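# Structural overview
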Amino acid sequence: VEYEVMRDYENNCLTVCNMENFDPMGVHTGDSIVIAPSQTLTNREYHLLRSASIRAVQSLGIVGECNIQWALHPRSEEFRAIEINARMSRSSALASKATGYPLAYIAAKLAIGYLLPELINKVTGITTACFEPALDYLVVKIPRWDLRKFRNVDPHIGPQMKSVGEVMAIGRTFEEALQKAVRMLDIGKIGVVGNDDEEPEPLESILDVIENPTDERLFKIAKAIKMGVPIEKIYELSGVDPWFLYKIRNIVEMEARLKSLSLEDPEAPSIIREAKRLGFSDRQIAKYLRVDEM
């Protein structure tokens, strides 16, 4: 779980954005799918880490922008600081775009002595920079790897970052933002499901990728759900929070509903509307209904 914290010389502090990694500890945040704001923290956990972030920045005397990464135990409230970056990081760029809070601009002003209440947020034009953004949407970041370009490269991802870039998608639901982001990766996929490269493969190799993640883990999770592997089993192997797994299952279940649907069906409009809400593109829906996109 990551927090972006701002502090000025007068010790005014605020957290601009909190982000949550889809993958558990052991996968570098640059190689992990990241969701902002966090979806699986309780209100208590969120505020526990928020106040810890502010205390850390104040005790270190950091002025400007700071990115803090926390490891939070999934079944207790035990937490540890992984790293504290007293600067803009790659996550800060994501947080700026996700919240509409110009982190680098405000951090530069704080460094030369301005205070947070004196600065106006350029994006809203009304609130001061001392006002925490509130989001009524969520943002999903997916890394992009070019592992296919290199010979003998190990496709497994871990604590060492291998991604060469990332995409960001905004949506009202996690499913929508996730599917939009997958399409933006430009790797020939039309969403989490419905891709042409879905040839059958043995369950053992799918479960192996879920346990020992590669750049294909997200798609293998969807495949495993299709093959009837229980969510509890996937959680046990991957450490990915069940909340995310149930959301991926929603996408898989909608795919099955669309496949058994025809346009003449009186229920078609409401099912297609729900599919759009879950981030299915016209192209995906057309493929399942066996019609053209137009």
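Look up a bit, the structure's there.
A brief look at the structure comes next. Values in this document were obtained by computation on a predicted structure and should not be read as measured data.

Thresholds applied
Throughout this document, residue positions are counted from 1 along each chain, in the order its sequence is written. The predicted nature of this model means local features are confined to residues of pLDDT at least 70 and side-chain atom pairs, given and counted, to a pLDDT of 80 or more, with totals for whole chains, interfaces and linings taken over all residues. Side-chain calculation: all heavy atoms of the structure are included, whereas hydrogens and water are not. Runs of E in the DSSP output that reach at least two residues are strands. Runs of H or I that reach at least four are helices, and both are numbered from the N terminus. C-alpha atoms define the radius of gyration, and 2.2 Å times the number of residues to the power 0.38 defines the globule rule. Each residue gets one of three labels from its accessible area relative to the maximum for its type: buried under 20%, exposed over 50%, partly exposed in between, using a 1.4 Å probe on protein chains only. Contacts: residue pairs with any heavy atoms within 4.5 Å of one another. All accessible-area figures derive from a Shrake-Rupley calculation using a 1.4 Å probe, and residue coverage is judged against the displayed protein chains alone. The charge count treats Lys and Arg as positive and Asp and Glu as negative. His and the chain ends do not count. Think of each charge as sitting on NZ of Lys, CZ of Arg, CG of Asp or CD of Glu. The criterion for strand pairing is that DSSP finds at least two bridges linking the strands in question. For every element, the axis is a line fit to its C-alpha atoms; helices are fit only across the contacting stretch, and the angle between N-to-C directions ranges from 0 to 180 degrees. Definitions for this section: a left-handed crossing has its near helix turned counterclockwise from the far helix by less than a right angle. A right-handed crossing has that turn clockwise. Only Asp, Glu, Lys and Arg are considered charged in this grouping, and only Ala, Val, Leu, Ile, Met, Phe, Trp, Tyr, Cys and Pro are considered nonpolar; every other residue, Gly among them, is considered polar. Think of a 1 Å grid over the protein atoms and nothing else: a 1.4 Å probe that fits but is trapped marks a cavity, an open set flanked by protein within 12 Å on at least five of seven lines marks a pocket, and residues with an atom within 4 Å of a point count as lining. Grid points are joined across faces, edges and corners, and a volume is the space filled by probe spheres set on the points. In this scheme, roughly parallel covers angles under 35 degrees and roughly antiparallel covers those over 145, while 65 to 115 is roughly perpendicular and the rest are oblique. Aromatic rings from Phe, Tyr and Trp, taking only the six-membered ring of Trp, are treated as a pair when their centres fall within 6.5 Å; an angle between ring planes under 30 degrees marks them as stacked, one over 60 as edge-to-face, and anything in between as tilted. Only when the NZ of Lys or the CZ of Arg is both within 6 Å of the ring centre and within 35 degrees of the ring normal is a charge said to sit over the ring.

### Some details on the overall build of the chain
- In terms of helices and strands, the chain carries 10 helices and 7 strands.
- In terms of overall size, the chain behaves like a compact globule, its C-alpha atoms giving a radius of gyration of 21 Å where 294 residues would be expected to give roughly 19 Å.
- When the backbone C-alpha atoms are referred to their principal axes, the chain occupies close to 65 × 40 × 40 Å.
- Put simply, the chain has 294 residues, and 49% of those count as buried.
- For the chain, restricting intrachain contacts to residue pairs at least 6 apart in sequence, the fraction spanning at least 24 positions comes to 60%.
- For the chain, the accessible area works out to roughly 14,500 Å², and carbon and sulfur atoms hold 53% of it.
- A distance of 2 Å separates the average location of the 36 positive side-chain charges in the chain from that of its 43 negative side-chain charges.

### Side note on the sheet that holds strand β4 (residues 64-72)
- Taken in spatial order, the 7 strands of this open sheet run β5-β4-β1-β2-β3-β6-β7, and their pairing is antiparallel. Of all strands in the sheet, those with a lone pairing partner are β5 (79-85) and β7 (165-171), marking the two edges. If you compare each strand with its neighbour and ignore which way they point, the axes differ by 25° on average.
- Inspection of the sheet shows strand β3 (residues 34-36) paired to strand β6 (residues 138-144) by 3 bridges, in the antiparallel sense. The partner of Ala36 across the bridge, within β6, is Val139.

### Some points on the packing of helix α6 (residues 217-226) against helix α8 (residues 242-259)
- The interhelical angle for the contact between α6 and α8, taken along N-to-C directions, is 60°, at an axis separation of 9 Å. As α6 runs across α8, the sense of the crossing is right-handed. Contacts between α6 and α8 pair Leu218, Ile221, Ala222, Ile225 and Lys226 from the former with Leu245, Ile248, Arg249, Val252 and Glu255 from the latter.
- When the residues that make up the contact of α6 with α8 are grouped by side-chain class, the tally is 7 nonpolar, no polar and 3 charged.

### A closer look at helix α4 (residues 174-184)
- Among the 11 residues of α4, 8 are classified as buried, and the element is accordingly described as predominantly covered.
- For α4, the set of buried residues is Phe174, Glu175, Glu176, Ala177, Leu178, Gln179, Ala181 and Val182.

### A look at the layout of surface pockets
- If you add up the space inside the largest pocket, you get close to 1,000 Å³.
- Around the largest pocket, the lining is made up of 44 residues, and of these Val1, Asn21, Asp23, Pro24 and Met25 lie nearest the centre.
- Counting only elements with at least two residues in the lining of the largest pocket, the list comes to β2 (13-21), β4, β5, α2 (90-99) and α8.
- Per-element accounting of the lining of the largest pocket gives the leading share, 5 residues, to β4.
- For the lining of the largest pocket, the residue count by class is 20 nonpolar, 13 polar and 11 charged.

### Concerning the packing of α6 against helix α7 (residues 231-238)
- At a closest axis distance of 10 Å, the pairing of α6 and α7 adopts a crossing angle of 150°. Relative to α7, the element α6 lies roughly antiparallel. Read as a crossing pair, α6 and α7 show a hand that is right-handed. For the pair α6 and α7, the contacting residues are Arg217, Ile221, Ala224 and Ile225 in the first and Ile231, Ile234 and Ser238 in the second.
- In terms of residue class, the contact of α6 with α7 is built from 5 nonpolar, 1 polar and 1 charged.

### Digging into the packing of aromatic side chains
- Within the structure shown, the criterion is met by 7 aromatic pairs.
- Seen in terms of ring centroids, Trp70 and Phe79 are 5.3 Å apart; in terms of plane orientation they differ by 85°. Their pairing is edge-to-face.
- When its relative accessible area of 7% is taken as the criterion, Trp70 is described as buried.
- Put simply, the rings of Phe22, Phe174, Trp243 and Phe244 touch in pairs and so form one group of aromatic residues.
- Geometry around Tyr114 places Lys109 over its ring, the cationic atom sitting 4.9 Å from the centre.
- A cation over a ring is seen here: Lys189 above Phe219, with NZ or CZ 4.4 Å from the ring centre.

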